[in-house]
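Chain residues, written in single-letter form:
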There are 2 protein chains.
Amino acid sequence: MATTAGDERTVQLMLKRWQDPETGLDRAWREEYLVYLSFPDPKKPNKVTVVGPSGDVLHAIREKEKPYTAEQEDPEVVQPYAAYSPAGHAKGKLVYANQGTPSDYERLNQTVDLAGTIAITRYGGAGRGAKAVNAAPYGVAGVLVYTDPRDINDGVTSDAGETYPHSWYLPPSGVERGSFNGQFGDLLTPYLAAKEDTYRIPAENVTGIPPIPIQPIGYEDAYVLICALDGDAAPQNWQGGFNCTYNLGPGFKPTSAFSASDVQMDIFNYEEKRNSSNVMGVIRGSVEPDRYVIYGNHRDSWVHGAIDPSSGTSVMLELSRVLGRLVKQGKWRPRRSIIFSSWGAEEFGLIGSAEYTEQYFTKLSERTVAYINVDIAVFGGATLSAAGMPSVQNVIFTAAKQVNRHKAPHAAAAEPLTFGLFAPQVAAPGRVSTSVYENWLRFSNRTSPALGLIPRLGHITGAGSDYAAFVHYLGITAMDFSHAYDRTKSSARTYPAYHTAYDTFDYASRFIDPGFLSHQAVARTAGNVLIRVADSLLLPLNCSDYAETLEQYLTTAESLYQEQLSAQKIPMEPLKRAVANFRSAASHLDRVIGASDLKNETPLKVRRINDQLMLLDRAFLNPLAFPEKYAYRHVIWASSSAGQPTFPGLADAYAQAESSGQSRDWERVHYQLSVLTQSIDGAAQTLVDVI
Amino acid sequence: MATTAGDERTVQLMLKRWQDPETGLDRAWREEYLVYLSFPDPKKPNKVTVVGPSGDVLHAIREKEKPYTAEQEDPEVVQPYAAYSPAGHAKGKLVYANQGTPSDYERLNQTVDLAGTIAITRYGGAGRGAKAVNAAPYGVAGVLVYTDPRDINDGVTSDAGETYPHSWYLPPSGVERGSFNGQFGDLLTPYLAAKEDTYRIPAENVTGIPPIPIQPIGYEDAYVLICALDGDAAPQNWQGGFNCTYNLGPGFKPTSAFSASDVQMDIFNYEEKRNSSNVMGVIRGSVEPDRYVIYGNHRDSWVHGAIDPSSGTSVMLELSRVLGRLVKQGKWRPRRSIIFSSWGAEEFGLIGSAEYTEQYFTKLSERTVAYINVDIAVFGGATLSAAGMPSVQNVIFTAAKQVNRHKAPHAAAAEPLTFGLFAPQVAAPGRVSTSVYENWLRFSNRTSPALGLIPRLGHITGAGSDYAAFVHYLGITAMDFSHAYDRTKSSARTYPAYHTAYDTFDYASRFIDPGFLSHQAVARTAGNVLIRVADSLLLPLNCSDYAETLEQYLTTAESLYQEQLSAQKIPMEPLKRAVANFRSAASHLDRVIGASDLKNETPLKVRRINDQLMLLDRAFLNPLAFPEKYAYRHVIWASSSAGQPTFPGLADAYAQAESSGQSRDWERVHYQLSVLTQSIDGAAQTLVDVI
């Protein structure tokens, strides 16, 4: 966990690897930030109890997860808690509030007076901290959150042969920990690097964190509480995986053992500023050292973190080892610089990566070609999963076609990890091998107007991992790789041991990736992409694929908004023209590239085109477009609460205006449309002839 | 005047010159914006009258300036007015409010109840519009503003042989027109280019423009009003150049002809959106076309504008003619692209240049090496005057040393204008000639720790001309050139005919620059710099000179703030370390440059260093540092009201905290210190080795 002795040991491990004289990088070092974290008090564990009318404790929530292997008994296992939940004592009638979204509380409040209640919610639907933020206006005194077996376990609930250690499913006492904050980066130093002397806002001014106590619990305890709830039955789509009806409350059934009882929360979390480190390592570029490809993964976990983040860390260490060795042997050096980063304190809110981008904002903005993120490398064994700006689609496809997907662990393990790039892989005799691309195409695909049936590259619109600051704050072209389970076979929200004490090497090696073939598929593919981006003469970024996404977004926006916008006399034509301009500029640049014999061009002509490609995403930044969203500046990829696959600022403003009907809100729609239009026009301007 | 038929004729002139097949540029075109302007109504002229108790008009302010030459009788001469003053009628007792600063009104309000009064103010001390903005909270009903002869005419007041057409001094009826807004760029489209369909804020939401009517008048009329004022004598430093005591009012002396009379204002200004054009012309760079040197001057004037802006326009046209001819003849093409710009609607608030930077924000940020501004090229004949970021000091000195200052008009006129660069100038026999540098050094100098006695390069901290958006919004290294009068011989605020109907060719050629030698000095020097910046292999920008200024600012900040900051436990050490880091990084980059044989280096290594130099100012941008100052993002050069030659955000925050004593304000000081420190550290990071 961030800033613990264990964290420091992994810092030392990273430094040792990256400073290794035979397989290390050119240089490696640590960078420290003094960051605002939140911990439970080991001497006063958080307690959640059912307290009878006479004050006697009728039930106490389990304080630690049940041990099945020695790892759960490690004294370093942190008690489940909600980071940034305030300390405090709350007592009241229990209510069931579904996922704790604003509409959930609104609905519940129609039936139940929420003042002074304790709300139990299930994970999903709303951000962790939002479940408490949304509750507070109704006077809710405290919130519990648990993982419903329907959402994570495909109905499996028994540890007698069903859940881990018998399968990948979450045991009944498993609890998802997490950060319950609403923005990324250090909470006390918004837009500034959290150095020792940096100005810090008063802690009471931090927004987006729970104003009332909140505590995560296991479904074993949630079952006991929910199935005893009194009151009306919750709506059908609020029902979960327990074999009882989920009632709304308030309070427990008179027929239950908890009749007339309250739920009491005693939370002892405390906040503290602690030093957290990023570990950085570089390979200096041979021709364009002032162009960076950054490859990052976080280092901190909640408990053992075999999958989150160590699956990604193992991939990164293998990539850096292989590339480092080539460099140390003098066999290879990339054209551009590669920066590896082992981010600290990601679990508390992407803190290490966000502080890094704040400290080196200008340098990174000017020089970074792309950011590659591999956090949880493997969720499951089915298929590669990748997300990123549309301009990286092509290079990912190229890499994924070149990397073979091994079926036999022993054969694969014997093959050197060269990402299929230096020495094209040939399937060993007798071994069936398909490409990562073909396999991906089978699991997740879409039809592109230009390219036909292709794998579906995800969009990065949120802040789920360390790519957030690069995408949203810096406007750097980014991608995220992992290996996924088959979602047609499991509806689990994520791999079931996520953020619990069961995310161990035993769990990972037996249930997530036996033989580590999926780790290899991710390493080979991400590594192949890394080398292509760092070492190609021409940057393998495709602006026409970007145009296709803008066109799709536009089509969606037209079908959703055109009619009402016309009625409001807000013209969409400028946006249509801007998207058409972008397409035409992208086609033009593609023609320039196609018509150039780049190897024989002057270095500055190639650099000129590369700069156009590198800086394309920067053109979509507007630091004033989303004043209410911390560090969101990219007008195409900002998160949106409207839930439409289209331009986020327009979608959110439209949803607000449609809901309120106020002319001021329609003006905001027009404003967002102008911001968007001028961004796209400005981006198109960077792709046409440079003068 | 912007958007008039005359403006269109000059648009056509610029296009014709820049599209000339023999002396034009590679390409020239116009770019239109629909901008929010303000005009007086020709059919209902603004009136200011003294109205007696029975309603009879005892005095009427002159509606147009007195004609001395035919130019003043041109029907196109716009009536003196305050652009963006609201229309309206105001009537009340006259008071004298000095320069209309906040402290002036505060002082005056101690003696006089200002509610319902008309305040007469003199130009200077506060921005034009601020004189009304500051007045409104006291209930002042209307404001007059005039140019006091003490401030512009060195005491000269009579047109019987003293003022123009007998000298450069302002005739009694001369009135300075101007824009009375508080921010630059189109007022309805903040941060967006004012295209036809762009979202516009409601006009009533525009801030920083006069909330009450304001009208400029000549000192001839001001004399009649002020010398009849009743009440206590104004403080000594409020007294001006009239041969009477300036009393505060309210109202007129019972002994005067205006006894018991009010001043009435009838203002008929109206606002209108009109199309305004920038004219753009480019010379494409031969080696780095994607690097721009932008050279700009505005095109619009208030009346004839022989000096403002035509002195600058003539310089620009001569530069573009000479360079264009070399290009058309195939004799020369600069390494980098040159963009010439003839900005529209500058007089209304730098609108053309600001809209341009908003429309092409990303492209310009990424590619612009420097912006060169020559607005009023010649204020007088004494000396070159230049301002800019410290990094341009060296190239300006180099140019100024190479350009000779001619004493004999006829000899100079015969010499081809090659800026002293292509063919070094040799003084013609029998003609005394000193360099522009030597002459400058005599008039304005300072002692640099590194360089000894050198001419004083000004800082660009405000928004006085079209450099504003480049400096403050884009963080582009900029410079501004003009030729100045001898301030030891005249205390005039500016050249006396500024913004009046007397700024004519006759005035310019007889009193400002007989023989146009000063125009030539500016053209040769600015042209020399332009060629050096556009055509040098290594960009002639010096980061160590930047370090010197940061050190001077730091020294000032320490002496002013250190003691009190220590008492407030706000550490200055991080700032000191940051400035030291910057110095060390600058020295490092200078050593790298000095140790390189750049001509024999790879093109990409030279480009790398050039990018470090080009982007240095970008590192000082922070779009969130000055939320209350429109488009000010450069943390070193932002305007400051604290009036100290040091870091502006720190200075303003400190002044506020010291005045209020509130802990919240001291927190803002600490915040500004962190913003500043991290900007300087970030800038230093861009100057060290690129990886």
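Cut-off values and rules
- Residues numbered from 1 in each chain as written.
- Chains lettered and ligands numbered in written order.
- Predicted model: local features only at pLDDT ≥ 70, side-chain atom pairs only at ≥ 80, totals over all residues.
- Heavy atoms only, no water.
- Pairing = 2+ DSSP bridges.
- Helix = DSSP H or I, 4+ residues; strand = E, 2+ residues; numbered from the N terminus.
- Axes fitted to C-alpha atoms, helices over the stretch in contact; angles between N-to-C directions.
- Domains from an automatic or database assignment.
- Contact = heavy atoms within 4.5 Å.
- Buried area = accessible area lost by both parts, 1.4 Å probe.
- UniProt positions renumbered as here; feature names shortened; annotations may be inferred.
- Disulfide = S-S within 2.5 Å.
- Parallel < 35°, antiparallel > 145°, perpendicular 65-115°, else oblique.
- Left-handed = near helix turned anticlockwise from the far one by under 90°.
- Nonpolar A, V, L, I, M, F, W, Y, C, P; charged D, E, K, R; others polar.
- Least-squares fit on C-alpha atoms with pLDDT ≥ 70 in both.
- Salt bridge = Lys/Arg side-chain N within 4 Å of Asp/Glu carboxyl O.
- Buried < 20%, exposed > 50% of the residue type's maximum accessible area, 1.4 Å probe, protein only.

It is worth spelling out the sheet that holds strand 11 (residues 262-267) of chain A at this point. Residues and elements named next belong to chain A. The strand order 3-2-11-5 describes an open sheet built from four strands, whose pairing is antiparallel. Strands at the two margins of the open sheet, each flanked by one partner only, are strand 3 (57-60) and strand 5 (88-92). Here the average twist between neighbouring strands, direction ignored, is 20°. Across five bridges, strand 5 lies against strand 11 in antiparallel orientation. Bridging across to strand 11, Gly 88 finds its partner in Ile 267.

A separate point is the domain arrangement of chain A. All names here are of chain A. As assigned here, chain A comprises domain 1 (5-37 + 272-535), domain 2 (41-268) and domain 3 (543-687). Placing the centre of domain 1 and that of domain 2 at their C-alpha centroids yields a distance of 32 Å. In this assembly, 46 residues from domain 1 lie in contact with 51 residues from domain 2. For the pair domain 1 and domain 2, the summed buried surface comes to about 3,800 Å²; carbon and sulfur atoms form 60% of the total. Summed over the three residues of domain 1 that lose the most area to domain 2, namely Tyr 36, Arg 493 and Tyr 502, the buried surface amounts to 22% of that side.

To continue, consider the UniProt feature "domain: PA" (unreviewed entry) in chain A. The positions UniProt marks with the feature "domain: PA" (unreviewed entry) are residues 91-178 of chain A. The span residues 91-178 of chain A carries 20% helix and 18% strand; its end-to-end C-alpha distance comes to 23 Å.

Right, let's talk about the state of the cysteines for a bit. Residues and elements named next belong to chain A. Enumeration according to the criterion identifies two disulfides over all chains in this entry. Sulfur-sulfur distance for the disulfide between Cys 227 and Cys 244 comes to 1.9 Å. Classification of the bridge connecting Cys 227 and Cys 244 rests on its S-S torsion, roughly -75°, and on that basis the disulfide is left-handed. Placement of Cys 227 in the loop between helix 5 (219-226) and strand 11 and of Cys 244 in the loop between helix 5 and strand 11 is noted, with a sequence separation of 17 residues between them.

Turning to the sheet that holds strand 13 (residues 288-298) of chain B, a few remarks are in order. Residue and element names in this part refer to chain B. The seven strands lie next to each other as 1-12-14-13-15-21-16, forming an open sheet whose pairing is mixed. This sheet does not close on itself; its edge strands, each paired only once, are strand 1 (27-39) and strand 16 (383-388). Across this sheet, the average inter-strand angle for adjacent strands is 20°, counted without regard to direction.

The next thing to look at is the packing of helix 15 (residues 543-567) of chain B against helix 18 (residues 648-660) of chain B. Residue and element names in this part refer to chain B. Put simply, helix 15 and helix 18 touch, their axes get as near as 12 Å, and they point 45° apart. Relative to helix 18, the element helix 15 is oriented oblique. The crossing of helix 15 and helix 18 is left-handed. Here Ala 557, Leu 560, Tyr 561, Gln 564 and Leu 565 of helix 15 lie close against helix 18, whose contacting residues are Leu 650, Ala 651 and Tyr 654. For the contact of helix 15 with helix 18, the residue count by class is seven nonpolar, one polar and no charged.

Applying a rotation about an axis and a shift along it to one chain copy brings it onto the other copy. Rotating chain A by 180° and translating it 0.0 Å along the rotation axis places it on chain B, where the RMSD comes to 0.0 Å. Seen this way, the second copy is the image of the first under a two-fold rotation axis. Taken together, the interface assignments show that 100% of the residues at the interface of chain A recur at the interface of chain B, consistent with an identical surface on both copies.

Per the stated rule, a full pass over the model turns up 65 salt bridges over all chains. The partner of Asp 151 of chain A in a salt bridge is Arg 122 of chain A, with the nearest N and O atoms 2.9 Å apart. Note that Asp 151 of chain A is positioned in helix 4 (residues 149-152) and Arg 122 of chain A in strand 7 (residues 118-122), a separation of 29 residues in sequence. Judged by its relative accessible area of 11%, Asp 151 of chain A falls in the buried class. Overall, the relative accessible area of 3% leaves Arg 122 of chain A in the buried class. Its salt-bridge partner being Asp 611 of chain B, residue Arg 607 of chain B comes within 3.7 Å of it at the nearest N-O pair. Note that Arg 607 of chain B and Asp 611 of chain B are positioned in helix 17 (residues 603-614) at a spacing of four residues, about one turn of the helix.

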